[in-house]
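Structural overview for review
Next come the chains, spelled out residue by residue.
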Amino acid sequence: MTNKLVCPKIKTLAQLIKIVRGLKRRHKTVVFTNGCFDILHFGHVKYLRQAKKKGDALIVGLNSDRSVKKLKGKTRPLNAEFQRAYILSELSCVDFVVIFNEETPYNLINALKPDILVKGGDWQKDKIVGADVIAKYGGKVIVIPYIEGFSTTKLIRKIIEKKPR
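Residues numbered from 1 in each chain as written. Predicted model: local features only at pLDDT ≥ 70, side-chain atom pairs only at ≥ 80, totals over all residues. Heavy atoms only, no water.

Glancing now at the pairing of strand β5 (residues 116–120). For β5, a buried count of 5 out of 5 residues is recorded, marking the element as mostly surrounded by other parts of the structure. What you see with β5 is no split at all: Ile 116, Val 118 and Gly 120 on one side and Leu 117 and Lys 119 on the other are buried throughout. In terms of strand pairing, β5 meets strand β6 (residues 140–144) through 5 bridges, oriented parallel. Paired with Ile 116 across the bridge in β6 is Lys 140. (Buried < 20%, exposed > 50% of the residue type's maximum accessible area, 1.4 Å probe, protein only. Helix = DSSP H or I, 4+ residues; strand = E, 2+ residues; numbered from the N terminus. Pairing = 2+ DSSP bridges.)

Tracing the backbone shows Phe 42 in helix α3 (residues 42–52). Judged by its relative accessible area of 49%, Phe 42 is partly exposed. On a C-alpha basis, the gap between Phe 42 and Ile 147 in space is 9.1 Å, while along the polypeptide they are 105 residues apart.

We now examine the environment of Asp 126. Mapped onto the secondary structure, Asp 126 falls in the loop between β5 and α7 (131–136). With 15 residues separating them in the primary sequence, Asp 126 and Val 141 have C-alpha atoms 9.9 Å apart.

In terms of burial, strand β2 (residues 30–35) is a largely internal element, 6 of the 6 residues being buried. Neither face of β2 is open: one carries Val 30, Phe 32 and Asn 34, the other Val 31, Thr 33 and Gly 35, and all of them are buried. Pairing between β2 and strand β3 (residues 57–63): 6 bridges, direction parallel. Residue pairing for β3: Gly 35 is matched across the bridge by Leu 62. Traced from β2 through α3 to β3, the parallel crossover comes out right-handed. Sheet topology places β2 next to β5; 2 bridges connect them, and they run parallel. Bridge pairing in β5 places Val 31 opposite Ile 116. (Right-handed = clockwise from strand over helix to strand, strands pointing away.)

Before going further, it helps to spend a moment on the environment of Gly 43. Following the sequence through the fold, Gly 43 ends up in helix α3. Distance from Gly 43 to Tyr 146, taken between C-alpha atoms, is 8.3 Å for residues 103 residues apart in sequence.

Shape descriptors only; they carry no functional weight alone.
So, in structure tokens, the structure goes:
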């Protein structure tokens, strides 16, 4: 199963570098965000829609399974990386998805050089990975307000608590 046949929005870094160059030649604004997106929920979708409004093309950097395990623990992710990538790619607001193995998207941001880096309001601007890269070439870092009450971790906890014994 290749990404081209199954899902044309899921790209490798090499493919995305070429795509981003083409977009920039056409004076399009490239927006980047990232996350684990283990269980896609209302807060994620609202956040991604807001991120897309900041430019012409939205790229989502998706933590690989290995990366999620390092960040969230051995019981995560609940959904495999290709499944998570596929679900994200089916959202109309998402133009491209790229999976990365590192704990942070720093190398990805450095390679793609998006015009705008977007993170949710649960991040402080001075703690956003890649903000220094964006600043070097005059890009923008935008923090979208956090949507209270929506968290994958809280959702998992809620499911476990409702589990029949």
